[in-house]
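Tertiary structure, described
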Amino acid sequence: MPGFDLDAVKNQIEQDAATVDSLLKLEELRVKYLGRKGVLAELTAGIGAVPPQERAGFGQKVNVLKNTLNALVAEKQKLFSPRSGQSPASSFDIGMPGINQNLGHLHPITQVVDEICGIFTSMGFVAVSGPEIETEYNNFTGLNIPLEHPSREAFDTFYLKPAGGNQRQRYLLRSHTSPVQVRVMKTAKPPLAVVVPGRVYRPDAVDASHLFMFHQIEGFMVDKGIRFSDLKGVLDVFVKRVFGKDVKTRFRPHFFPFTEPSAEVDVSCIICKGKGCSVCGKKGWLEILGSGMIHPNVFKNVGYEPKKYSGFAFGMGIERIAMLKYGINDIRLFFENDLRFLRQF
Ligand code: PHE
């Protein structure tokens, strides 16, 4: 057939085949030459136009080309099919390292919250949560913090615009987890042993140890005959389990409107073991939480008889515990979402 140079076609096939390096390219090659409208179909259709004396020879050559191409496609197919398993050049190499799956993990604060709640639930406490938007009553008044009390100032927080309904009830972002004491005691009767993890908000200027939002865990126990020694025992177990057996606890008199007597609790410095260093300000002790015996006025506010029941309460900042535990010197690191920091936990 004039115009068909079979040698040129053969050369072109060889050139094209040399560039095939994937199943996709192989399919392109197959369609180009063996497809319904491919080069070989065209050649076959043209056989009739070849002068009779050359026709047989031409037809034979076309057939040979077709067979060679079929064999070539079949062979390359094996080479690139991952599941063929027969070819030494199979793309599956069991000696290659696997592809690392990037699994996430819990935020360090969540890990510390879980650990602390776990310690208390193992002692029989139940974990509950309360809302971050709280009433002014539960955040202050119910906890024996009257309107004009100076201790409100440090807690004076983010108030929300009243949205219809009870205009006399003011809402705010809670400044501590203590309002959940009021919520729980209003709905349940003693005996109670409860821990409350959650976010709290304060109008604090941001620096290495302050944020306007952080996490606390509140704990409280109410029953007949609960004493200060119960508080000391529970907190001592907690401290030893979080920071280690050798760490000592110290109760320092303090004031909170909702507890009487009140104490701040220190642990012996876990950095210098109590000798005095820059972290503990050469004191050898680190303050970790506030605590005390629940004030009779709080019991009255929730409808408990103060003569019948007694109880203790404590509240701690989670970021502070996590910073001491892991030797972190800036609270802001927890919330910057810098993976170089977060991946260390
Ligand atoms: N609510 C107090 C605070 O945020 C901590 C506290 C809780 C103190 C319970 C005593 C009892 O500082």
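No experiment lies behind these values; they were computed from the predicted model shown. (Residues numbered from 1 in each chain as written. Predicted model: local features only at pLDDT ≥ 70, side-chain atom pairs only at ≥ 80, totals over all residues. Heavy atoms only, no water.)

Structural notes on the domain arrangement of the chain
Interfaces are frequently sized by the accessible area removed from exposure as the parts join. Annotation of the chain at the domain level lists domain 1 (6-90) and domain 2 (108-342). Between the C-alpha centres of domain 1 and domain 2 the distance comes to 78 Å. (Domains from an automatic or database assignment.)

Some words on the packing of aromatic side chains
If you walk through the whole model with that rule in mind, you get 12 aromatic pairs. Note on F312 and F314: the rings are 6.4 Å apart at their centroids and 25 degrees apart in plane angle, and the pair reads as stacked. F314 carries the same exposure label as F312, and that label is buried. Taken together, the ring pairs connect F120, F125, F238, F312 and F314 into an aromatic cluster. In this arrangement the basic side chain of R170 is found over the ring face of Y159, its NZ or CZ atom lying 4.3 Å from the centre. We note K325 situated over the ring of Y326; from NZ or CZ to the ring centre the distance is 6.0 Å. (Phe/Tyr/Trp six-rings, centres within 6.5 Å; stacked < 30°, edge-to-face > 60°. Buried < 20%, exposed > 50% of the residue type's maximum accessible area, 1.4 Å probe, protein only. Lys NZ or Arg CZ within 6 Å of the ring centre and 35° of its normal.)

Digging into the site of the ligand
Taken together, 14 residues are adjacent to the ligand, and H176, S178, R202, Q216 and G315 come closest. Between the ligand and the protein, one listed contact pairs a nitrogen atom with a side-chain N or O atom of H176 at 3.0 Å. S178 places a side-chain nitrogen or oxygen 2.9 Å from a nitrogen atom of the ligand. Listed by contribution, the elements that provide at least two residues to the shell around the ligand are β6 (213-223), β9 (285-294) and β10 (310-317). Of all the elements, β10 adds the most residues to the shell around the ligand, at 3 residues. Here the residues of the shell around the ligand sort into 5 nonpolar, 7 polar and 2 charged. (Near = heavy atom within 4 Å. Polar contact = N/O pair within 3.5 Å; in protein donor to acceptor, adjacent residues only side chain to side chain. Helix = DSSP H or I, 4+ residues; strand = E, 2+ residues; numbered from the N terminus. Nonpolar A, V, L, I, M, F, W, Y, C, P; charged D, E, K, R; others polar.)

As for the packing of helix α9 (residues 228-243) against helix α11 (residues 318-326)
The geometry of α9 relative to α11 is characterised by a closest axis approach of 11 Å and an angle of 45 degrees between their N-to-C directions. Regarding the angle of α9 to α11, the classification is oblique. Between α9 and α11, the contacting residues are F238, V242 and F243 on the first element and I321, L324 and K325 on the second. Classifying every residue of the contact of α9 with α11 gives 5 nonpolar, no polar and 1 charged. (Axes fitted to C-alpha atoms, helices over the stretch in contact; angles between N-to-C directions. Parallel < 35°, antiparallel > 145°, perpendicular 65-115°, else oblique. Contact = heavy atoms within 4.5 Å.)

Re the environment of V267
Along the polypeptide, V267 turns up in strand β8 (residues 259-268). By relative accessible area, which is 0% here, V267 ends up buried. Once residues within four sequence positions are removed from consideration, V267 is found in contact with V239, F243, V247, K248, T249, G284, W285, L286 and I288.

Concerning the environment of Y201
For Y201, the position within the fold is in strand β5 (residues 192-201). Between the C-alpha atom of Y201 and that of Q60, which follows or precedes it by 141 residues, the distance is 88 Å. The residues touching Y201, leaving out its near neighbours within four places in the chain, are E132, T157, F158, L173, R174, S175, F212 and M213. For Y201, the side chain forms a polar contact with the side chain of E132, separated by 2.5 Å.

What about the sheet that holds strand β4 (residues 171-173)?
Strand order in the open sheet made by the 3 strands is β2-β4-β3, with antiparallel pairing throughout. Unpaired on one side and paired on the other, β2 (133-135) and β3 (159-160) mark the two borders of the sheet. Pairing geometry for β3 and β4, over 2 bridges, is antiparallel. In the sheet register, Y159 faces β4, and the bridge partner there is L172. (Pairing = 2+ DSSP bridges.)

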